[in-house]
Amino acid sequence: MNTLHQILRLMKGTYNKAELYRDETVSEILNLKVEEIISDISEGKEQGLENLHRALYEIYICHFVSPWSEDVLDVNDLQILSIRTKLEKVWDKILEQKYESEIEQLANSQDFFNDLEKTIHNHKSGIDHELFSYLRESATLDDLREYIRQEGPFDLCFSDILCYLMPGIYGQKRIEIASNFWDEIGKGKEARTHRKLRISLMKALNIDEYEHIQNPAKYCWEELALANFYFKSSLNRKKNTQALGALLCVEMAVPGKMNYIYDGLKRVGLRDKDLVYVSEHSVVDIKHAQGWRDDVLTPLLEERPDLRTEVLKGVFGRLEVAGNVCDKLLKLMKEKKISSYQDRATV
Ligand SMILES: [Fe+2]
Ligand SMILES: [Fe+2]
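Residues numbered from 1 in each chain as written. Chains lettered and ligands numbered in written order. Predicted model: local features only at pLDDT ≥ 70, side-chain atom pairs only at ≥ 80, totals over all residues.

Engineer: Mind showing me how you'd approach the overall build of the chain here?
Structural biologist: Looking only at helices and strands, the chain has 18 helices and zero strands in total. In terms of overall size, the chain behaves like a compact globule, its C-alpha atoms giving a radius of gyration of 20 Å where 347 residues would be expected to give roughly 20 Å. By principal-axis analysis of the C-alpha atoms, the chain measures approximately 55 × 50 × 40 Å. With 347 residues in all, the chain has 38% of them scored as buried. (Helix = DSSP H or I, 4+ residues; strand = E, 2+ residues; numbered from the N terminus. Rg over C-alpha atoms; globule rule 2.2 N^0.38 Å. Buried ≥ 20, exposed ≤ 12 C-beta atoms within 10 Å, placed from the backbone.)

Engineer: Before we go on, may I ask you to explain the nonpolar core in this structure?
Structural biologist: The nonpolar side chains of a soluble globular protein tend to be buried with one another. In this structure, C249 and V315 are the most contacted members of the largest nonpolar core, which totals 80 residues. Here this core takes 13 residues from helix α15 (residues 240-267), the largest share from any one element. Looking at which domains feed residues into this core, each of domain 1 (4-95) and domain 2 (110-342) supplies at least three. The residues touching C249, leaving out its near neighbours within four places in the chain, are I120, V315, R318 and L319. (Core = buried A, V, L, I, M, F, W, Y, C linked by C-beta atoms within 7 Å. Domains from an automatic or database assignment. Contact = placed C-beta atoms within 7 Å.)

Engineer: In this structure, what is going on with the packing of α15 against helix α17 (residues 308-334)? I would like to understand it.
Structural biologist: Helix packing geometry: the angle between the two helix axes and the distance between the axes. Look at α15 against α17: their axes get within 6 Å of each other, and the N-to-C directions meet at 50°. Taken together, the axes of α15 and α17 are oblique relative to one another. Handedness of the α15/α17 crossing: right-handed. On the side of α15, the interface is formed by T241, Q242, A243, L244, G245, A246, C249 and V250, while α17 contributes E310, V311, L312, K313, G314, V315, G317, R318 and L319. Split into classes, the residues belonging to the contact of α15 with α17 amount to nine nonpolar, five polar and three charged. (Axes fitted to C-alpha atoms, helices over the stretch in contact; angles between N-to-C directions. Parallel < 35°, antiparallel > 145°, perpendicular 65-115°, else oblique. Left-handed = near helix turned anticlockwise from the far one by under 90°. Nonpolar A, V, L, I, M, F, W, Y, C, P; charged D, E, K, R; others polar.)

Engineer: Explain the domain arrangement of the chain here, please?
Structural biologist: A common measure of how large an interface is: the accessible area buried when the components associate. Taken domain by domain, the chain comprises domain 1 (4-95) and domain 2 (110-342). For domain 1 versus domain 2, the distance between C-alpha centres works out to 25 Å. Each partner contributes residues to the interface: domain 1 has 14 residues there, and domain 2 has 15 residues. Of all the secondary structure elements, the ones that give two or more residues to the side of domain 1 that touches domain 2 are α4 (46-60) and α5 (78-107). Counted by class, the side of domain 1 that touches domain 2 contains seven nonpolar, two polar and five charged residues.

Engineer: Can you walk me through the environment of D285 in this structure?
Structural biologist: Note that D285 resides in helix α16 (residues 276-303). For D285, a count of 22 C-beta atoms within 10 Å corresponds to the buried category. Measuring from C-alpha to C-alpha, the distance between D285 and M258 comes to 9.8 Å, with 27 residues separating the pair along the chain.

Engineer: I tried to follow the environment of S27 on my own but got confused; where do I start?
Structural biologist: Its location among the elements puts S27 in helix α3 (residues 24-42). On the neighbour-count criterion, S27 (14 C-beta atoms within 10 Å) is partly exposed. Spatially, the C-alpha atom of S27 lies 18 Å from that of N51, the residues being 24 residues apart in sequence.

In structure tokens form, the structure reads like this:
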């Protein structure tokens, strides 16, 4: 019996979608599958969480493909929206229960940004996670290739996520978001766009650039959850403030990590010309983190201190999904199981 994400995938492509969305049997099956996921999660089954993220990813990713792509669902269809909302609600509840007290404590900090920075840097997903020293010092070429491959779903959509955040945000905040975006698009030079740079690194490692759209089964669910967190907070208007917190988090975390990845990839034989994506982020994200803190979040929270809680939901949500990714990838590498995802078929 297919899972929800497999059914959603089957609804993409060449099917007569309009009829399919109106088909009562399809609706019943979809609703049943959503209920199954919710009950699995309430019973504490990891499979429930995995199925939730795989299903949400199938829906979200349709917002990040070209409008004329065949790889889409009708994301504005009420049925699809209702599936998405039900699953998001369950996920939000899990995160809120887990981080409620930390959020409350940090929201009342007298030295908010310093404490926030410490929280981000001290989190287990930070540079001290064993994954990063492993990648730098002893990972094989296959391990490093897998690390880069698995990070595809979020990395390849990064600049698109920024696009969803600009409406209604003006002044210096908008200038900062736009200047981050300007860096993403190579300051107007196509060859220097971060997307192109990443794809050229992926080519050097023989990674398919469309896999995150055409074959999400090839990623561990934790990586899809990481991408989903940004998708959820950027696509839901009311959660855009969370996305700002999550983005501060990634800009602060990336440079240190990128130095480790750079050393690891050099060690296994990649050339500097293949590593521009990595070296560029080691530098540019320091500037992005400062800009995001000083020109976006500081003025926002001065005007609206009540939004600290919302920003922190984004920070802790992102820390949670990033921590799970680090644990999972290290486990896969150490247990020599990375091929278990590479060999997976579409449905
Ligand atoms: Fe970038
Ligand atoms: Fe950045």
